[in-house]
Amino acid sequence: QVQLVESGGGLVQAGGSLKLSCTASGRTSGLSAMGWFRQTPGKEREFVAAIRRIGGNIYQPDSFKGRFTISKDNAKDTVYLQINAMNAEDTAVYYCAATRNIVQIVTTPDYWGQGTQVTVSS
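This one's a predicted model, so the numbers in the text were calculated from it and none came from an experiment.

1. Examining the pattern of salt bridges
Side chains that carry opposite charge are capable of pairing whenever their charged atoms lie near each other.
Link 1 in the chain: Scanning the entire structure with this criterion turns up six salt bridges.
Link 2 in the chain: One salt bridge connects R53 with D77, and the closest N-O pair in it is separated by 3.2 Å. In this pair, R53 is assigned in the loop between β5 (46-52) and β6 (58-59) and D77 in the loop between β7 (68-73) and β8 (78-83), connecting sequence segments 24 residues apart.
Link 3 in the chain: Classification of D77 as buried rests on a relative accessible area of 17%.
Link 4 in the chain: Between R67 and D90 there is a salt bridge, with the nearest N and O atoms lying 2.8 Å from each other. With a gap of 23 residues between them, R67 in the loop between β6 and β7 and D90 in the loop between β8 and β9 (92-99) connect regions that are remote in the sequence.
Link 5 in the chain: For R67, a relative accessible area of 25% translates into the label partly exposed.
Link 6 in the chain: Here the salt bridges share partners, and the residues they tie into one network are R38, E46, R67 and D90.

2. Some words on the side chain of S21
Link 1 in the chain: Within the secondary structure, S21 sits in strand β3 (residues 18-26).
Link 2 in the chain: Not counting chain neighbours up to four residues away, the residues in contact with S21 comprise V5, E6, S7, W36, T78, V79 and Y80.

3. Regarding the pairing of β9
Link 1 in the chain: Of all the eight residues making up β9, eight are buried; the element is thus mostly covered by neighbouring parts of the structure.
Link 2 in the chain: Here strand β4 (residues 33-39) pairs with β9 via seven bridges, running antiparallel. Across the sheet, the residue bridging to G35 is A97, located in β9.
Link 3 in the chain: In terms of strand pairing, β9 meets strand β11 (residues 116-121) through three bridges, oriented antiparallel. Counterpart to Y94 in the pairing with β11 is T116.
Link 4 in the chain: Here two bridges tie β9 to strand β10 (residues 111-112), and the two strands are oriented antiparallel to one another.

4. Here's the deal with unusual backbone geometry
Link 1 in the chain: Of note, D77 is a non-glycine position whose phi angle comes to about 50°, a positive value.
Link 2 in the chain: Look at A85: it is not a glycine, yet its phi comes out positive at around 45°.

5. Points about the packing of aromatic side chains
Link 1 in the chain: Going through the model one piece at a time under the given rule, you end up with four aromatic pairs.
Link 2 in the chain: Centre to centre, the rings of F64 and F68 are 5.1 Å apart; their planes meet at 85°, and the pair counts as edge-to-face.
Link 3 in the chain: By relative accessible area, which is 4% here, F64 ends up buried.
Link 4 in the chain: With relative accessibility at 4%, the residue F68 sits in the buried group.

6. Topic: the nonpolar core
Link 1 in the chain: Counting residues in each nonpolar core, the largest one holds 27 residues, and the members touching the most others are L4, M34, W36, V79, L81 and Y94.
Link 2 in the chain: With six residues, the next largest nonpolar core counts A33, F37, F47 and A50 among its residues.

Criteria and cut-off values
- Chains are numbered independently. Their residues run from 1 in the order of the written sequence.
- Where totals are concerned, whole chains, interfaces and linings use all residues; where local detail is concerned, this predicted model gives features only for residues with pLDDT of at least 70, and gives and counts side-chain atom pairs only at 80 or more.
- Where side-chain values are given, they derive from all heavy atoms of the structure, hydrogens and water being excluded.
- Salt bridge criterion: a side-chain nitrogen from Lys or Arg within 4 Å of a carboxyl oxygen from Asp or Glu.
- Counting from the N terminus, the helices are DSSP H or I runs at least four residues long and the strands are E runs at least two residues long.
- Only protein chains enter the accessibility calculation, which uses a 1.4 Å probe; a residue whose area is less than 20% of its type maximum is buried, one above 50% is exposed, and one in between is partly exposed.
- We call two residues in contact whenever any of their non-hydrogen atoms come within 4.5 Å of each other.
- When DSSP finds two or more bridges between two strands, those strands count as paired.
- Two aromatic rings from Phe, Tyr or Trp, using only the six-membered ring of Trp, form a pair when their centres are within 6.5 Å; if the ring planes differ by under 30 degrees the pair is stacked, by over 60 it is edge-to-face, and anything between is tilted.
- In these notes, a set of buried Ala, Val, Leu, Ile, Met, Phe, Trp, Tyr and Cys residues joined through side-chain atoms within 4.5 Å is what counts as a nonpolar core.

Shown next, in the form of structure tokens:
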């Protein structure tokens, strides 16, 4: 009963930046955290970052720290992912996720968006 819709993806040249958005609707009051994953063909879906709705604690693998920044706007039920200095490795489908239990966000989110394609060209 929660829907997640991503936006902001598209084609960007290497070195450029994108800011992805994910807006939740439906029964959002029970959500504890929202975050981002990405997936490319031949690779496992990667956890990029997550943020708690209350408190704003950020969880992020070391491999995504630096160029990937997650933020949120609770009033809009929206989470963002800023990606800077993009390169070809960033080409992927980026998925928004949300969970009712904070400990589940990394492994088994309760809700998924449809994904937004990000393509980096040189």
